[in-house]
Amino acid sequence: MKRSHQLPCRVSSVRTAVFAVIFLLSGAYGFSQKVAIYSYGKPGTKDYEEIAFWVRSNNRAEINYVFGENRRPSPLRYAGKDVLNGEKGFKVQFTNKHVLYVIPKEQSLKISDLSGNYRKNFTWKYEGPVAGIGTFCEPCADDEKEAMQLIRLYYMK
């Protein structure tokens, strides 16, 4: 009789331990964040543009756009999936309501407006130390492949 009493306690403690591990892992995973950063042009010049697509807690989050020598910020809003000239992508919208179409192409992003006046090819931007100078970007995608996976998984679906 004593033995049967101990078995449920062991099962119960194992079950509690499993739930504790799942809870801890889900908490750590739920607060994770990643960012895919793409840019066009040379940093520090008037023609420079950068767009960062954030993912937080396994959800699409904000989109940050900066441009010019001084990296002036302009927030963007995700405006849904769409097709432009037969190519699948999604739209982003500035606060002034101007819309850009973002079309993933291999490892880069083709970004244009509906009129075709704005057409640029953004490439993945490495954020981290160069030749030992600079700091490591913890949430940044490790490479262009991971960055594109974030875009396809969180912005294309």
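Residues numbered from 1 in each chain as written. Predicted model: local features only at pLDDT ≥ 70, side-chain atom pairs only at ≥ 80, totals over all residues. Heavy atoms only, no water.

Colleague: Kindly report on the overall build of the protein chain, identifying the contributing residues and their values.
Modeller: A tally of regular secondary structure across the protein chain gives two helices and eight strands. Scanning the protein chain from its N terminus toward the C terminus, one meets helices and strands in the order α-β-β-β-β-β-β-β-β-α. Of the contacts made within the protein chain by residues no fewer than 6 positions apart, 39% connect residues no fewer than 24 positions apart. For the protein chain, the accessible area works out to roughly 10400 Å², and carbon and sulfur atoms hold 57% of it. (Helix = DSSP H or I, 4+ residues; strand = E, 2+ residues; numbered from the N terminus. Contact = heavy atoms within 4.5 Å. Areas by Shrake-Rupley, 256 points an atom, 1.4 Å probe, with all protein chains shown as cover.)

Colleague: Residue-level account of the sheet that holds strand β5 (residues 87-94), with values.
Modeller: Taking strand neighbours around the barrel as the criterion, the eight strands line up as β1-β2-β3-β4-β5-β6-β7-β8 in a closed arrangement whose pairing is antiparallel. Across the sheet, the axes of successive neighbouring strands diverge by a mean angle of 30°, strand direction being ignored. Helix α2 (residues 144-155) contacts β1 (33-40), β2 (49-56), β3 (59-67), β4 (72-84), β5, β6 (99-105), β7 (108-112) and β8 (119-124) of the sheet and is inclined by roughly 110° relative to β1. (Pairing = 2+ DSSP bridges. Axes fitted to C-alpha atoms, helices over the stretch in contact; angles between N-to-C directions.)

Colleague: Residues and numbers for the environment of Gln107, please.
Modeller: Note on placement: Gln107 falls in the loop between β6 and β7. Distance in space between the C-alpha atoms of Gln107 and Thr123 is 7.2 Å, their sequence separation being 16 residues. Ignoring anything within four residues of it in the chain, the contact list for Gln107 reads Tyr38, Trp124, Glu144, Lys145 and Met148.

Colleague: I'd like a rundown of the confidence of the model for the protein chain, residues and numbers included.
Modeller: Summarising the model, the protein chain shows a mean pLDDT of 84, and 80% of its residues fall at 70 or more. Scored below 50 in pLDDT, residues 1-31 shows three contacts in the model against residues more than four places distant or in partner chains. (pLDDT = per-residue confidence, 0-100.)

Colleague: Lay out the pairing of β3 in plain terms, naming residues and giving numbers.
Modeller: Direction of pairing for β2 relative to β3: antiparallel, over a ladder of seven bridges. By the bridge assignment for β3, Glu50 is matched with Val66. Linking β2 back to β3 in an antiparallel pair, the connection comprises two residues, with Ser57 at a positive phi of about 50°. Relative to β4, β3 runs antiparallel, the two being bridged by five bridges. Across the sheet, the residue bridging to Ile63 is Leu76, located in β4.

Colleague: I'd like a description of the pattern of salt bridges, backed by residues and values.
Modeller: A complete count under the given rule lists nine salt bridges for this structure. Between Lys125 and Glu50 there is a salt bridge; the shortest N-O distance is 2.7 Å. With a gap of 75 residues between them, Lys125 in the loop between β8 and α2 and Glu50 in strand β2 connect regions that are remote in the sequence. In this pair, the class of Lys125 matches that of Glu50, namely buried. The shortest N-O distance in the salt bridge between Arg56 and Glu62 comes to 2.6 Å. By relative accessible area, which is 34% here, Glu62 ends up partly exposed. Taken together, the shared-partner salt bridges connect Glu50, Arg71, Lys125 and Glu127 into one network. (Salt bridge = Lys/Arg side-chain N within 4 Å of Asp/Glu carboxyl O. Buried < 20%, exposed > 50% of the residue type's maximum accessible area, 1.4 Å probe, protein only.)

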